[in-house]
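The chain contents come next:
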4 protein chains.
Amino acid sequence: MEINPKNNQKPILGVMGPGDDCPPEVGNTAFEIGQLIAENGWVTLSGGRNSGVMDAVCEGAKSRNGVTIGILPGNDTNEASEYLDYPIVTGMGSARNNINVLTADIIVACGIGAGTASEISLAVKAGKPVVLLNAGKTAIQFFKSLDQRLLKQADSPTEAIELIKKYLGES
Amino acid sequence: MEINPKNNQKPILGVMGPGDDCPPEVGNTAFEIGQLIAENGWVTLSGGRNSGVMDAVCEGAKSRNGVTIGILPGNDTNEASEYLDYPIVTGMGSARNNINVLTADIIVACGIGAGTASEISLAVKAGKPVVLLNAGKTAIQFFKSLDQRLLKQADSPTEAIELIKKYLGES
Amino acid sequence: MEINPKNNQKPILGVMGPGDDCPPEVGNTAFEIGQLIAENGWVTLSGGRNSGVMDAVCEGAKSRNGVTIGILPGNDTNEASEYLDYPIVTGMGSARNNINVLTADIIVACGIGAGTASEISLAVKAGKPVVLLNAGKTAIQFFKSLDQRLLKQADSPTEAIELIKKYLGES
Amino acid sequence: MEINPKNNQKPILGVMGPGDDCPPEVGNTAFEIGQLIAENGWVTLSGGRNSGVMDAVCEGAKSRNGVTIGILPGNDTNEASEYLDYPIVTGMGSARNNINVLTADIIVACGIGAGTASEISLAVKAGKPVVLLNAGKTAIQFFKSLDQRLLKQADSPTEAIELIKKYLGES
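Residues numbered from 1 in each chain as written. Chains lettered and ligands numbered in written order. Predicted model: local features only at pLDDT ≥ 70, side-chain atom pairs only at ≥ 80, totals over all residues. Heavy atoms only, no water.

## Re the interface of chain D and chain A
Between chain D and chain A, the contact holds 27 residues from the first and 27 residues from the second. Summing the contributions of chain D and of chain A, the shared interface buries around 2100 Å²; its carbon and sulfur component is 59%. On inspection of chain D and its partner chain A, the count reaches zero salt bridges. Counting only elements with at least two residues in the side of chain D that touches chain A, the list comes to strand E3 (67-72), strand E4 (86-89) and helix H3 (97-103) of chain D. Sorting elements by how many residues they give to the side of chain D that touches chain A places E4 of chain D first, with four residues. Along the lines of polarity and charge, the residues of the side of chain D that touches chain A split into 14 nonpolar, nine polar and four charged. (Contact = heavy atoms within 4.5 Å. Buried area = accessible area lost by both parts, 1.4 Å probe. Salt bridge = Lys/Arg side-chain N within 4 Å of Asp/Glu carboxyl O. Helix = DSSP H or I, 4+ residues; strand = E, 2+ residues; numbered from the N terminus. Nonpolar A, V, L, I, M, F, W, Y, C, P; charged D, E, K, R; others polar.)

Structure below.
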């Protein structure tokens with residue numbers, strides 16, 4: 001399976017993960033993933049809020065001059081991460097999770113929360129590849145039971161990037 | 001935790017489950033759940049399509065003169081179950097899964113598919129109780145890891161109804 | 001142009017109009033329209049809030065034992081009209097206006113506000129017939145310039161009902 | 001009334017207008033507006049399709065090295081303008097019009113179609129300023145009757161840009 005963004009658009013990587021209750025080490029991984037996405041010239045997309053993985057991945061991407069897009073659940077940019085270049089204001093709460101998934105070429109799930117689980121599930125429904133990072137055994141087993149082909153597991157940010165490069169035909 | 005629908009509105013039970021690839025025994029369980037929901041005077045809500053659990057639960061509910069609402073993903077009623085009283089046409093694909101969850105007082109997951117998994121996850125995110133029926137061990141373990149309190153497991157339609165009655169303060 | 005709801009589903013009439021700043025006479029018209037919809041055995045659909053046309057049309061319909069559905073913009077039923085049988089909770093703000101339009105077989109615009117204007121426009125976009133009631137000259141002229149065929153004007157609730165019956169092939 | 005985008009984010013200008021049935025002169029105006037937006041260092045946002053104003057404004061912006069975002073109604077980028085940097089895939093049809101409006105700091109309506117009329121109305125509902133370009137007398141009169149304060153009329157792209165600069169406090 002190979003992903004080809006249209007024309008000369010840059011690939012969009014959707015990085016999903018817990019917000020307010022994000023463990024610090026998951027935030028660190030998200031920051032690192034953001035850096036690597038930016039270094040590869042790809043676009044970082046997240047849920048856009050100034051919290052947890054959404055914030056950390058954008059901070060990482062901006063620290064390497066990457067482009068960041070956030071798909072916000074609220075009616076304005078009050079809760080937006082300060083590391084967003086382009087805040088998209090949906091006003092539709094968690095229903096925006098489906099936009100995250102449809103807009104991203106590939107999804108990286110960094111840690112697991114209820115919102116993240118919905119995004120992985122919606123990605124499978126939409127036929128999008130998902131790379132699981134920092135996921136527990138049960139989560140990996142469960143999501144692979146939904147779709148063996150679309151779900152891959154990575155043990156580190158570097159390994160996740162290698163998987164993404166394969167999908168993009170860049171390796 | 002007790003659920004109290006506003007005023008004298010009837011409780012709305014959201015029954016979610018696989019569509020086109022629904023195993024026959026899961027369809028049978030959904031039909032039976034629909035019957036029991038109707039017999040208790042509650043409203044059946046589903047994803048509304050003429051397929052799998054969505055169709056079977058509505059057929060069951062109508063066989064006992066229950067009321068059925070379907071939250072359709074498409075732009076019209078072409079794919080609607082013929083057992084729907086009130087087809088709600090959203091035109092927003094899987095983003096409508098969040099409407100299923102927000103509208104239902106309690107969610108019953110009958111079997112597991114990618115769409116169902118997104119709805120269980122969105123329900124947890126929205127703080128709604130979920131009863132899992134016909135779910136495998138891994139699924140139960142995974143969703144309980146998201147939220148121990150909101151997730152209950154039932155081994156039969158009758159047992160699911162008992163759990164629902166407790167939530168509604170009717171037992 | 002004739003509208004045929006699927007199977008034996010009852011026609012759904014979407015009645016749209018101003019909320020918090022609704023003039024009393026527009027509310028009275030909405031109440032009367034709700035009564036007439038119910039007397040004809042049709043379903044009343046509105047934006048669902050306890051305010052203006054949304055509330056008045058549902059109150060009218062319930063006073064004649066009609067069925068009422070509300071497509072709510074918020075995340076719960078806190079602002080729901082007490083005259084709703086079936087509150088649909090979308091959590092997506094004004095984006096739910098498109099669901100109002102797609103779900104209704106015919107739209108009745110009762111007075112004009114910004115939200116109403118968006119619903120009339122979305123109805124034209126979706127190819128749905130609209131009956132304008134209590135609309136000013138400029139509004140009528142503007143909307144007819146968008147689509148001459150889909151827009152009809154009625155000078156009273158009774159006249160609106162006559163137009164609806166023609167669309168439904170009931171006259 | 002002054003608009004201040006958060007932090008150091010660039011202002012986002014939402015340019016709305018007819019798609020498939022767009023008159024050539026409206027397309028030319030949209031192209032010119034796109035050029036001017038880019039020259040001012042602002043971001044161009046449109047409905048994203050390869051048609052009418054959506055396409056022309058993005059082509060104009062890219063001809064001056066501007067940044068372009070498109071909020072697409074479909075499930076993928078098949079119908080996307082080739083002049084988009086960042087296609088946002090919503091899969092929610094015309095309900096995405098509300099996202100256009102909430103995301104833009106200021107809306108420019110270039111010509112009028114049913115979709116455009118819904119966006120102007122939703123902008124008024126959301127309290128966003130709208131600049132009307134190439135609008136007929138009736139349209140201007142109607143929309144000003146919805147909100148005198150938020151609606152401004154411009155007779156040329158240059159005049160529209162002057163109005164925008166005032167809103168942004170840049171003149």
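## So, the relation of the copies chain D and chain A
By a simple turn and slide, chain D fits onto chain A: the slide is 0.0 Å along the axis, the RMSD is 0.0 Å, and the turn is 180°. Taken together, the turn and the small shift mark the pair as related by a two-fold rotation axis. For chain D, the residue whose C-alpha comes nearest the rotation axis is Ile88 of chain D, separated from it by 4.4 Å. Here 100% of the contact residues of chain D are again contact residues in chain A; the copies associate through an equivalent surface. (Least-squares fit on C-alpha atoms with pLDDT ≥ 70 in both.)

## Looking at the packing of helix H4 (residues 114-126) of chain C against helix H4 (residues 114-126) of chain D
Two numbers describe how H4 of chain C lies on H4 of chain D: the axes approach to 8 Å, and their chain directions differ by 160°. Between H4 of chain C and H4 of chain D, the crossing angle belongs to the class labelled roughly antiparallel. Here H4 of chain C runs over H4 of chain D; the crossing is left-handed. The segment H4 of chain C lies against H4 of chain D, with Ala114, Gly115, Ala117, Ser118, Ser121, Leu122, Val124 and Lys125 of chain C engaging Ala114, Gly115, Ala117, Ser118, Ser121, Leu122, Val124 and Lys125 of chain D. Its residues placed into classes, the contact of H4 of chain C with H4 of chain D shows eight nonpolar, six polar and two charged. (Axes fitted to C-alpha atoms, helices over the stretch in contact; angles between N-to-C directions. Parallel < 35°, antiparallel > 145°, perpendicular 65-115°, else oblique. Left-handed = near helix turned anticlockwise from the far one by under 90°.)

## Some remarks on the sheet that holds strand E1 (residues 12-16) of chain A
All names here are of chain A. Taking strand neighbours across the sheet as the criterion, the seven strands line up as E4-E3-E2-E1-E5-E6-E7 in an open arrangement whose pairing is parallel. What marks the edges here is a single partner per strand, and that holds for strand E4 (86-89) and strand E7 (151-154). Sheet twist, expressed as the average angle between the axes of neighbouring strands with direction ignored, equals 25°. Looking at chain direction, strand E3 (residues 67-72) and E4 are connected through four bridges and run parallel. Looking at the pairing, Gly70 lines up with Pro87 of E4. Packing against the sheet, helix H1 (residues 24-39) makes contact with E1, strand E2 (43-46), strand E5 (106-110) and strand E6 (130-133), and its axis sits at approximately 155° to E5. (Pairing = 2+ DSSP bridges.)

## Observations regarding the pairing of strand E6 (residues 130-133) of chain C
Residue and element names in this part refer to chain C. Alternating residues of E6 divide into Val130 and Leu132 and Val131 and Leu133, and every residue in both groups is buried. One ladder, built from four bridges, connects strand E5 (residues 106-110) with E6; its direction is parallel. If you follow Ala109 over to E6, its bridge partner there is Leu132. Considered for its hand, the β-α-β crossover made up of E5, H4 and E6 is right-handed. Relative to strand E7 (residues 151-154), E6 runs parallel, the two being bridged by four bridges. Paired with Val131 across the strands is Lys152, a residue of E7. (Buried < 20%, exposed > 50% of the residue type's maximum accessible area, 1.4 Å probe, protein only. Right-handed = clockwise from strand over helix to strand, strands pointing away.)

## A look at the nonpolar core
Core analysis: the largest hydrophobic core is formed by 127 residues, its most contacted members being Phe143 of chain A, Phe143 of chain B, Phe143 of chain C together with Phe143 of chain D. Residues contacting Phe143 of chain A, with those up to four places away along its chain left out, are Ile112, Ala117, Ile120, Ser121, Leu132 and Leu151 of chain A together with Phe142 of chain B. (Core = buried A, V, L, I, M, F, W, Y, C linked by side-chain atoms within 4.5 Å.)

## A look at the confidence of the model for chain A
Looking at chain A as a whole, its pLDDT mean stands at 95, while 96% of the residues score no less than 70. For this predicted complex, the interface score ipTM comes out at 0.96, alongside a pTM of 0.97. (pLDDT = per-residue confidence, 0-100.)

## With respect to the sheet that holds strand E5 (residues 106-110) of chain D
Residues and elements named next belong to chain D. Strand order in the open sheet made by the seven strands is E4-E3-E2-E1-E5-E6-E7, with parallel pairing throughout. The open sheet terminates on both sides in strands that have one partner only, identified here as E4 and strand E7 (151-154). Looking at each pair of strands side by side, their axes are set apart by 25° on average, direction ignored.

## Considerations on the environment of Lys137 of chain D
Mapped onto the fold, Lys137 of chain D is located in helix H5 (residues 137-146). Through-space distance from the C-alpha of Lys137 of chain D to that of Asp147 of chain D is 16 Å; in sequence the pair is ten residues apart.

## Observations concerning the packing of aromatic side chains
All chains considered together, the criterion is met by twelve aromatic pairs over all chains. Taking the centre distance of 5.2 Å and the plane angle of 35° together, the rings of Tyr86 of chain A and Tyr86 of chain D count as tilted. Here Tyr86 of chain A is found in strand E4, whereas its partner Tyr86 of chain D is found in strand E4 on a different chain. As far as burial versus exposure is concerned, Tyr86 of chain A and Tyr86 of chain D are alike and both buried. (Phe/Tyr/Trp six-rings, centres within 6.5 Å; stacked < 30°, edge-to-face > 60°.)

## Side note on the pattern of salt bridges
For the coordinates displayed, the defined rule picks out 16 salt bridges over all chains. Among the salt bridges present, the one from Arg49 of chain B reaches Glu79 of chain B, with a minimum N-O distance of 3.3 Å. Here Glu79 of chain B lies in the loop between strand E3 (67-72) and strand E4 (86-89) and Arg49 of chain B lies in the loop between strand E2 (43-46) and helix H2 (52-63), a separation of 30 residues in the sequence. Exposure remark for Arg49 of chain B: the relative accessible area of 15% places this residue in the buried category. Ionic pairing is found between Asp20 of chain C and Arg49 of chain C, a salt bridge with its closest N-O pair at 3.0 Å. You can see Asp20 of chain C sitting in the loop between strand E1 (12-16) and helix H1 (24-39) and its partner Arg49 of chain C sitting in the loop between strand E2 (43-46) and helix H2 (52-63), a full 29 residues away along the chain. Looking at Asp20 of chain C, the relative accessible area reads 64%, which means it is exposed. One salt-bridge network, in which partners are shared between bridges, spans Asp20, Arg49 and Glu79 of chain A.

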